[in-house]
Number of protein chains: 2
Amino acid sequence: MAVQTVASTTDSTVDLGPAAALSCRECGHRVPLGPVFACEECFGPLEIAYDFSAYDTEELRKQIEAGPANIWRYAPLLPVPADVATKPNINPGWTQLVKADNLARELGVTGGLYVKDDSGNPTHSFKDRVVAQALEAARAFGFTTLSCSSTGNLAGAVGAAAARAGFRSCVFIPHDLEQGKVVMAAVYGGELVGIEGNYDDVNRFCSELIGDPAGEGWGFVNVNLRPYYAEGSKTLAYEICEQLGWQLPDQLVVPIASGSQLTKIDKGLQELIKLGLVEDKPYKIFGAQAEGCSPVSTAYKAGHDVVRPQKPNTIAKSLAIGNPADGPYVLDIARRTGGAVEDVTDEQVVDAIKILARTEGIFAETAGGVTVGVTKKLIENGLLDPTKTTVVLNTGDGLKTLDAVAGTGLTATIRPNLDSFREAGLA
Amino acid sequence: MAVQTVASTTDSTVDLGPAAALSCRECGHRVPLGPVFACEECFGPLEIAYDFSAYDTEELRKQIEAGPANIWRYAPLLPVPADVATKPNINPGWTQLVKADNLARELGVTGGLYVKDDSGNPTHSFKDRVVAQALEAARAFGFTTLSCSSTGNLAGAVGAAAARAGFRSCVFIPHDLEQGKVVMAAVYGGELVGIEGNYDDVNRFCSELIGDPAGEGWGFVNVNLRPYYAEGSKTLAYEICEQLGWQLPDQLVVPIASGSQLTKIDKGLQELIKLGLVEDKPYKIFGAQAEGCSPVSTAYKAGHDVVRPQKPNTIAKSLAIGNPADGPYVLDIARRTGGAVEDVTDEQVVDAIKILARTEGIFAETAGGVTVGVTKKLIENGLLDPTKTTVVLNTGDGLKTLDAVAGTGLTATIRPNLDSFREAGLA
């Protein structure tokens, strides 16, 4: 990928609220806010540096609690202008934290088990959180086109957000994607471009486009807007703690695709501690992968610091990133917090989807099957303490991965009379 | 249908909050709260009579505003116990009221256009609202099985709610339903029984079951629990007004299936006026149907008070009730408020789904295409005033009716290079 290291639209008057600068995660080098994602010194990933110094803890808490029932209640902690809630955006977040007592009984958890159910977002995946952030950055930088490469959830989130905000959208996908996924992305009416090639070819082409004049005015949500985009995942940490009554959970089980979500959830928890919004105490973060794409889990178990890329082969397509950019950071967080990284087979994923639906009425996409399945496995192998408060993430919706549970069907077929009903043993 | 007129489980100690009795909509005859739905005097439909006499307007408003971000914030106005929010339920509601400025421009609305987007509910349709009420009634009456006949949204809502609350569920569907719909209903793990026959046969069988000992302990959400179930639609009226800053909209466009939703929205608005929570002013309610199932629209246009049944033939399957029980009440409300009832063709439904997705990033099911399409038509024929505040309901999710927009697809296919990108005119 061609690395763009110099901001093309840097502007010191950009208003992104408390965001003060971009800072390199590796070397700490700071640059002004702009549509850049890699450090000019060391090529490390840039992330947002904030100025939270003016905040009074109790005033901030009050402001948040009086805010809207979406991620903008946390505007003071995000790279967005203070009046963000008045701008056209899809306003995701404040999704249900379900107290999962039936699932807890099934898994033997006694310390309190919760499912953070992000299928309640506007396009029914956590991607709405990150795209909503990227959209605000795109607006601040004067971009007029919102773009991404995708094979699923991201395409819908970008299409919907661009439509709402009056941006042009142009989403790139492999040309031979399943028809259902094409429809879900195409319905928002933006450009939906099929690339003759596989997903790697699509990504390579997008990087080429960013460096070309043809890509001027284009915000690629997960490339040149990535530092802003990624911050959206912090809102999961904020919401979980606020919904627990401003408390840290003891344990979190988070899916790993690129690893960005897990690292930003940790960042969000650390911010809440530093701001005094929650009491400091130890928490453990567990990463969850599918066996068919488990580069981070494999590295974790081998005790490696480096993640060796894999060729994905799993039904959990929304997690199927074989070379996860934030893999090393995930390893670091899992080890530092006393968590772990674990993986489950596709069969276990399907079983876990059914367990969650049967016990809690939540129909998760395959990624939710991964986290529930991994939670079960972590309890069985003694790595997750069932007597502690545990939060499991469901990041997407079962309606988008119906094929995974296609074997589910009628429990009985009867004739329309009571005799037939009784014969079937249903009375 | 065998009409069950006497409560089998009437119990004066049942705690359903402000619900005081059941009252016949036709003759006013009152009976104690119980699992009955038809008047023993005149066979008219029973509905909930409340005792709101103890409420102070401003205290009530404060209590609501401090409540949870779901329908239970309105517990003081619903047939549920005061502590309902602490019980296991799917907790729907408080869905987004989207200020639809792009759609307004497209349709020429200048007075403020809003979409109440109920695709944000747990199983992504408004049915979660009514099923959540029915579940509380089932709990109060000591039922242990939640049941319904369905061909779609209701099956999922019942399956999910029963799972969450630890009820057995048993859902009856025609045995030859499309596989996708079967999966969506089956995943929650309850009994899913295929009936050899059409939807009428399924309904007939359910009525038979209610009158039989085999159906003892069974709550059919939309039959013997119907008076409670139907009240869930009032929450749409409450939320719309609160989200508008405790104001009545000037105009509402509501889909018509059985007509129950529209009549209960009117009931909810009237309650808010009587309680002083909104200022009294005229509002108009418009009903929306698909041409292929337009018994109420046909009666409205012909000036009839009676609705003649039709055999449905439309892609808007969730509205395809050919003999709508509340049809006459809908006619009365449309005429009394100065609204109207209109219908659109399946082609217009599909167009409207695309318009809503393109302008607002909301992917509606076919029922949402009906309301948006009817809104467009009502403006064109001068029946809906574009200078007034208008709220349009989207009651379901496009992911459940993907077939309707299956023609949507790629806007271009290119090779993975910039030359091909430029040739396609995408730069």
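Residues numbered from 1 in each chain as written. Chains lettered and ligands numbered in written order. Predicted model: local features only at pLDDT ≥ 70, side-chain atom pairs only at ≥ 80, totals over all residues. Heavy atoms only, no water.

In the nomenclature of an unreviewed UniProt entry, chain A corresponds to Threonine synthase from the organism Streptomyces cyaneochromogenes. According to UniProt, the comment filed for chain A under the heading Sequence similarities (unreviewed entry) is "Belongs to the threonine synthase family." (UniProt positions renumbered as here; feature names shortened; annotations may be inferred.)

**Some points on the domain arrangement of chain A**
Residues and elements named next belong to chain A. As assigned here, chain A comprises domain 1 (19-54 + 127-229) and domain 2 (97-124 + 233-405). When each unit is reduced to the centre of its C-alpha atoms, the spacing between domain 1 and domain 2 is 24 Å. With 18 residues of domain 1 in contact, the opposing surface of domain 2 contributes 23 residues. Here domain 1 is connected to domain 2 by three salt bridges. Of the charged contacts, one joins Arg129 and Glu239 as a salt bridge, the two residues approaching to 2.9 Å between their closest N and O atoms. At the boundary of domain 1 with domain 2, the tally comes to eleven residue pairs in polar contact (both at pLDDT 80 or more). The set of elements that each furnish at least two residues to the side of domain 1 that touches domain 2 consists of strand S3 (46-50), helix H3 (127-140), helix H4 (153-165) and helix H5 (179-186). At four residues, H4 tops the list of elements feeding residues into the side of domain 1 that touches domain 2. (Domains from an automatic or database assignment. Contact = heavy atoms within 4.5 Å. Salt bridge = Lys/Arg side-chain N within 4 Å of Asp/Glu carboxyl O. Polar contact = N/O pair within 3.5 Å; in protein donor to acceptor, adjacent residues only side chain to side chain. Helix = DSSP H or I, 4+ residues; strand = E, 2+ residues; numbered from the N terminus.)

**Quick notes on empty space enclosed by the protein**
Under the criterion given, the structure shown has two cavities of 30 Å³ or more. Looking at the largest cavity, the residues that line it are Ala155, Gly159, Ser169, Val171, Ala185, Ala186, Tyr188, Gly189, Gly190, Glu191 and Leu192 of chain B. When contributions to the lining of the largest cavity are tallied by element, the ones reaching two or more residues are helix H4 (153-165), strand S7 (168-174), helix H5 (179-186) and strand S8 (191-195) of chain B. Taken together, the residues that form the lining of the largest cavity break down as six nonpolar, four polar and one charged. The volume enclosed by the second largest cavity comes to roughly 30 Å³. Surrounding the second largest cavity, Ala155, Gly159, Ser169, Val171, Ala185, Gly190, Glu191 and Leu192 of chain A form its lining. Every element with two or more residues in the lining of the second largest cavity is listed here: H4, strand S7 (168-174) and strand S8 (191-195) of chain A. Taken together, the residues that form the lining of the second largest cavity break down as four nonpolar, three polar and one charged. (1 Å grid on protein atoms, 1.4 Å probe; cavity = no way out; pocket = protein on both sides within 12 Å on 5 of 7 lines; lining within 4 Å. Points joined across faces, edges and corners; volume = space filled by probe spheres on them. Nonpolar A, V, L, I, M, F, W, Y, C, P; charged D, E, K, R; others polar.)

**So, the packing of helix H10 (residues 295-302) of chain B against helix H11 (residues 327-337) of chain B**
Residue and element names in this part refer to chain B. One way to put it is that H10 packs onto H11 with a least axis distance of 10 Å and a crossing angle of 50°. If you check the angle between H10 and H11, you find them oblique. H11 is crossed by H10, and the crossing has right-handed handedness. Each of Val296, Ala299 and Tyr300 in H10 lies in contact with H11, whose residues at this interface are Gly327, Val330, Leu331, Ala334 and Arg335. Here the contact of H10 with H11 is built from residues that sort into six nonpolar, one polar and one charged. (Axes fitted to C-alpha atoms, helices over the stretch in contact; angles between N-to-C directions. Parallel < 35°, antiparallel > 145°, perpendicular 65-115°, else oblique. Left-handed = near helix turned anticlockwise from the far one by under 90°.)

**Remarks on the relation of the copies chain A and chain B**
Related by rotation about an axis and a shift along that axis, the two copies of the chain form a pair. When chain A is fitted to chain B, the best match, at an RMSD of 0.0 Å, comes from turning it 180° and sliding it 0.0 Å along the axis. Those values place the two copies in the arrangement expected of a two-fold rotation axis. Relative to the rotation axis, the C-alpha of Gly120 of chain A is the closest in chain A, positioned 2.8 Å from it. (Least-squares fit on C-alpha atoms with pLDDT ≥ 70 in both.)

**Describing the UniProt feature "domain: Tryptophan synthase beta chain-like PALP" (unreviewed entry) in chain A**
When the UniProt feature table is mapped to this numbering, "domain: Tryptophan synthase beta chain-like PALP" (unreviewed entry) covers residues 92-396 of chain A. Summarising residues 92-396 of chain A: 44% helix, 16% strand, and an end-to-end C-alpha distance of 13 Å.

**So, the sheet that holds S3 of chain A**
Residue and element names in this part refer to chain A. Pairing within the open sheet is antiparallel, and its three strands lie in the order S2-S1-S3. The sheet is open, and its two borders are formed by strand S2 (30-31) and S3, each paired with just one other strand. As defined by bridge partners, strand S1 (residues 19-24) adjoins S3 across five bridges and the pair is classed as antiparallel. Bridging from a neighbouring strand, Ala21 pairs with Ala49 of S3. (Pairing = 2+ DSSP bridges.)

**Brief notes about the nonpolar core**
The nonpolar side chains of soluble globular proteins are, as a tendency, buried together. Counting 264 residues, the largest nonpolar core has Leu103 and Leu269 of chain A together with Leu103 and Leu269 of chain B as its most contacted members. With residues up to four places along the chain from it excluded, the contact list for Leu269 of chain A reads Ala237, Cys241, Leu248, Leu252, Tyr283 and Ile285 of chain A. (Core = buried A, V, L, I, M, F, W, Y, C linked by side-chain atoms within 4.5 Å. Buried < 20%, exposed > 50% of the residue type's maximum accessible area, 1.4 Å probe, protein only.)

**Structural notes on the pattern of salt bridges**
Counted under the stated rule, the structure contains 54 salt bridges over all chains. When the shortest N-O distance is used, the salt bridge between Glu47 of chain B and Arg25 of chain B registers 3.5 Å. Here Arg25 of chain B lies in the loop between strand S1 (19-24) and strand S2 (30-31) and Glu47 of chain B lies in strand S3 (residues 46-50), a separation of 22 residues in the sequence. For Arg25 of chain B, a relative accessible area of 31% corresponds to the partly exposed category. Measuring nitrogen to oxygen at the nearest pair gives 2.7 Å for the salt bridge that ties Lys116 of chain B to Glu239 of chain B. Of the two residues, Lys116 of chain B is situated in strand S5 (residues 113-117) and Glu239 of chain B in helix H8 (residues 234-243); the sequence distance between them amounts to 123 residues. A single burial state applies to Lys116 of chain B and to Glu239 of chain B, both of which are buried. One salt-bridge network, in which partners are shared between bridges, spans Arg25, Glu47, Glu231, Lys234, Lys264, Lys267 and Glu271 of chain A.

**Considerations on the interface of chain A and chain B**
The interface of chain A with chain B comprises 70 residues on the first partner and 70 residues on the second. Buried area between chain A and chain B, both sides added, is near 5,800 Å², and the carbon and sulfur share of it is 63%. Secondary-structure elements contributing two or more residues to the side of chain A that touches chain B are H4, S7, H5, S8, helix H6 (199-210), helix H12 (346-360), strand S14 (412-414) and helix H14 (418-423) of chain A. With six residues, H5 of chain A is the single largest residue contributor to the side of chain A that touches chain B. For the side of chain A that touches chain B, the class distribution of residues is 37 nonpolar, 19 polar and 14 charged. (Buried area = accessible area lost by both parts, 1.4 Å probe.)

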